[in-house]
Amino acid sequence: MVKTFGEFLIFMQSMLVRKERFKVLWQRMLDEAILIGIDSVFIVAIVSAFIGAVTCVQIAYNLINPLIPKSTIGFMVREMTILELAPTITSIVLAGKVGSSIAGGLGTMRITEQVDALEVMGINSASYLVLPKIVAAMLMFPLLVILAMVLSIMGGYLAGTLSGAMSAQEYIEGIRTDFVPYNIVFALIKSVVFAFLVSAISSYKGYYTKGGALEVGAASTGAVTNSIIAILLADYVLAAVLL
């Protein structure tokens, strides 16, 4: 464990030495942002919308006390979405999609000696291949989390009103009750931290792949597993420190 963590820190440090020109890194970052962000919009939209809808329906099902106003459903959907569901669930979904893609791509480049070819040409392969992925992930994850927040609350609105559990006015009143702007900031901080963990861990697992195609698959699986565990641990630490 200590040896692996030390190798990870050395790997992170190696990205910051002998960096490529800014123009090259910028273009690489834009390409990675499209792969990480734009190509993930559909899955994030589907997951977040249905999570909001299911959350609203389940809260309405359990909220049977006539003394509790129906607007409480909207309030609870908003709080659960912003504080936990949007940043954490979205990052876990992206760990499966983006993390496995990063690890598989770098692992394939490693076993086909493309990484070694970059080193022979005098290019810092870690900086050229990995740094744009991490920067792009840290830029795109917060945008995807904001999209997830909006769609999750909209999904709760549609589920609550179409199912007859509550009126549109009650739901809107609930999502406007006792709103704390800091919760948005907290969710975005979490998304940036999760983005770094997913991209860095997946890059590390893929970059140091050894063997053949079987090991590439194992690296992708390990990247997803370790990223999800890191997200859950970081989620607890951030909640304990920042809330």
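A quick note: this is a predicted structure, and the numbers were derived from the prediction, not measured.

Let us look at the overall build of the protein. The number of helices and strands found in the protein is nine helices and zero strands. Starting at the N terminus and walking to the C terminus, you meet the elements of the protein as α-α-α-α-α-α-α-α-α. For the protein, the spread of C-alpha atoms along the principal axes amounts to about 70 × 35 × 30 Å. Restricting to contacts in the protein with at least 6 residues of sequence separation, those with at least 24 account for 86%. A total of about 12,500 Å² of accessible surface is found on the protein, and carbon and sulfur atoms cover 72% of it. Averaging the positions of the 15 positive and the 15 negative side-chain charges in the protein gives two centres separated by 5 Å.

Another aspect to go through is the side chain of Asp 235. Structurally, the position occupied by Asp 235 is in helix H9 (residues 213-242). We classify Asp 235 as buried; its relative accessible area is 9%. Of the polar contacts made by the side chain of Asp 235, one reaches the side chain of Lys 190; its length is 2.8 Å. Apart from the residues within four sequence positions on either side, Asp 235 is in contact with Glu 84, Thr 88, Lys 190 and Phe 194.

Taken from the UniProt record, the annotation "transmembrane region" (unreviewed entry) applies to residues 33-61, 134-159, 180-204 and 224-242. The span residues 134-159 is 100% helical and 0% strand by assignment, and the distance between its end C-alpha atoms comes to 36 Å. Taken end to end, residues 224-242 is 100% helix and 0% strand, and its first and last C-alpha atoms sit 26 Å apart.

Turning our attention to the pattern of salt bridges. One side chain can pair with another of opposite charge once the charged atoms of both are near each other. Under the counting rule described, the total for this entry stands at six salt bridges. The partner of Glu 79 in a salt bridge is Arg 78, with the nearest N and O atoms 2.5 Å apart. Each member of the pair Glu 79 and Arg 78 is classed as buried. Of the charged contacts in the structure, one is a salt bridge between Lys 190 and Glu 84, with a shortest N-O distance of 3.3 Å. Residue Lys 190 is located in helix H8 (residues 182-207), and its partner Glu 84 is located in helix H4 (residues 71-111); the two are separated by 106 residues in the primary sequence. Lys 190 sits in the buried class, given a relative accessible area of 0%.

Another point: helix H6 (residues 125-162). Look at H6: 53 Å from first C-alpha to last across 38 residues, which is about the 56 Å you get at 1.5 Å a residue. Of all the bends in H6, the greatest reaches close to 30° and is centred on Leu 131; the proline Pro 132 follows between one and four positions later. The N-terminus of H6 is capped by Asn 124, whose side-chain oxygen sits 3.2 Å from the backbone nitrogen of Ala 126. Immediately downstream of H6, the backbone of Gly 164 shows phi near 80°, a positive value.

So, about unusual backbone geometry. Within the chain, Glu 113 stands out as a residue other than glycine whose phi angle is a positive 65°. Turning to its location among the elements, Glu 113 is positioned in the loop between H4 and helix H5 (114-120). We classify Glu 113 as exposed; its relative accessible area is 54%. Phi at Asp 178 is positive, roughly 50°, even though this residue is not glycine. Structurally, Asp 178 can be placed in the loop between helix H7 (168-176) and H8.

With that out of the way, let us pick up the nonpolar core. Ranked by size, the top nonpolar core spans 46 residues in total, and within it Phe 11, Met 12, Met 15, Ile 36, Val 130 and Phe 141 carry the most contacts. Among the elements of the structure, helix H1 (2-14), helix H2 (22-36), H4, H5, H6, H8 and H9 are those that each provide at least two residues to this core. The leading source of residues in this core is H6, at 13 residues. Not counting residues within four places of it along the chain, the set of residues in contact with Met 15 comprises Asn 124, Ala 126, Ser 127, Val 130, Leu 131 and Ile 134.

Basis of the calculations
- Residues numbered from 1 in each chain as written.
- Predicted model: local features only at pLDDT ≥ 70, side-chain atom pairs only at ≥ 80, totals over all residues.
- Heavy atoms only, no water.
- Helix = DSSP H or I, 4+ residues; strand = E, 2+ residues; numbered from the N terminus.
- Contact = heavy atoms within 4.5 Å.
- Areas by Shrake-Rupley, 256 points an atom, 1.4 Å probe, with all protein chains shown as cover.
- Lys, Arg positive; Asp, Glu negative; His and termini not counted.
- Charge placed at Lys NZ, Arg CZ, Asp CG, Glu CD.
- Buried < 20%, exposed > 50% of the residue type's maximum accessible area, 1.4 Å probe, protein only.
- Polar contact = N/O pair within 3.5 Å; in protein donor to acceptor, adjacent residues only side chain to side chain.
- UniProt positions renumbered as here; feature names shortened; annotations may be inferred.
- Salt bridge = Lys/Arg side-chain N within 4 Å of Asp/Glu carboxyl O.
- Expected span 1.5 Å × (residues − 1).
- Bend = angle between axes of the 7 residues up to and from the residue.
- Core = buried A, V, L, I, M, F, W, Y, C linked by side-chain atoms within 4.5 Å.

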